[in-house]
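Given next are the chains, with one letter for each unit.
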Amino acid sequence: MRALIVDPEAVGGLRLGEAPDPLPGPGRLLVEVRHTSLNSAELYFAQRGAPGDVIGFDSAGVVVRAADGGGPAVGSRVVGYGDSGGFGAQRALDVADVAVVPDEVDLGEAATLPVAAGTALRALEQAGPLLGRRVLVTGASGGVGGFAVQLAALGGAFVIGVAGSEDGARWVGELGAHEVVAGVDEVKEPLASRFHEAD
């Protein structure tokens, strides 16, 4: 299959090439990859992977072979996460690591969700209930930060986003931040304090 493969001789450590077709085992399905996304960790693995490896965490596409015993049917639009394979034309994934993408959601946009949105969600979960809390999101104009702003706002928090540029600040405000600052030194009130809707 066609894939973006690790090549230590290539600029950036990756090049287009050929890789073996994935063979889905029990509980795994085969996806024709339509979109993938690039995360910073993949740049790390591109420099350290074995020649010919197909890296890539996130991908979205269409199921071309269903898993035995259940999961999305052939033809389903899905997004998935795995520790490798996202940069290939096809990818085998565990059923537990895919989700069906609603028709109104673009597959290209869905492909950006697993790592960035998942990281933001896990970080916010560690903070506990968000309703009525003040939440500071550093790097709010980045991938993970942008998702954290949206999720915290949906969770009922008063969100303060840190964005270093005018364009970034505008975007963070559009994502739902209640306040946007250029640096953490601009935050005056304690983050642990509660806020009320009348504020």
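The present account deals with the structure reproduced in this document. Remember, predicted model here, so these are calculated numbers, not experimental data.

Our focus in this paragraph is the pairing of strand β4 (residues 58-65). Within β4, six of the eight residues are buried, which leaves the element mostly enclosed by the surrounding structure. The pairing of β4 with strand β5 (residues 77-81) spans five bridges and is classified as antiparallel. Considered in β5, the bridge of Ala-60 is made with Val-79.

What links the strands of a sheet is backbone hydrogen bonding, and the strands pair in either a parallel or an antiparallel sense. Overall, antiparallel pairing links the five strands, which are arranged β6-β3-β4-β5-β7 in an open sheet. In the strand order of this sheet, the two ends are held by β6 (90-94) and β7 (98-100), each with one partner. Each adjacent strand pair in this sheet contributes to an overall mean axis angle of 45°, direction not counted. In the sheet, strand β3 (residues 28-36) pairs with β6 via five bridges, with the strands oriented antiparallel. Looking at β6, one finds that Leu-30 is bridged to Ala-92. Contacting β4 and β5, helix α3 (residues 113-127) runs over the sheet at an angle of about 60° to β5.

The strand order across the open sheet formed by three strands is β8-β9-β10, and the pairing between neighbours is parallel. Each having just a single partner strand, β8 (134-137) and β10 (179-181) make up the two edges of the open sheet. When the angles between neighbouring strand axes are averaged without regard to direction, this sheet yields 20°. Of the strands in this sheet, β8 and β9 (158-162) touch helix α4 (residues 143-154), which is tilted by about 170° from β8.

Attention now goes to the packing of aromatic side chains. This model, assessed by the stated rule, comprises three aromatic pairs. Ring geometry for Tyr-44 and Phe-45: centres 5.2 Å apart, planes at 85°, overall edge-to-face. Assessed through its relative accessible area of 38%, Phe-45 is described here as partly exposed. Geometrically, the ring pair formed by Phe-45 and Phe-57 is edge-to-face, given 6.0 Å between the ring centres and 85° between the ring planes. Taken together, the residues span a long stretch of sequence, with Phe-45 in helix α1 (residues 40-48) and Phe-57 in the loop between α1 and β4 at a distance of 12 residues. Cluster of aromatic residues (ring-pair linked, three or more members): Tyr-44, Phe-45, Phe-57 and Tyr-81.

Rules used in this analysis
Residues numbered from 1 in each chain as written. Predicted model: local features only at pLDDT ≥ 70, side-chain atom pairs only at ≥ 80, totals over all residues. Heavy atoms only, no water. Buried < 20%, exposed > 50% of the residue type's maximum accessible area, 1.4 Å probe, protein only. Helix = DSSP H or I, 4+ residues; strand = E, 2+ residues; numbered from the N terminus. Pairing = 2+ DSSP bridges. Axes fitted to C-alpha atoms, helices over the stretch in contact; angles between N-to-C directions. Contact = heavy atoms within 4.5 Å. Phe/Tyr/Trp six-rings, centres within 6.5 Å; stacked < 30°, edge-to-face > 60°.

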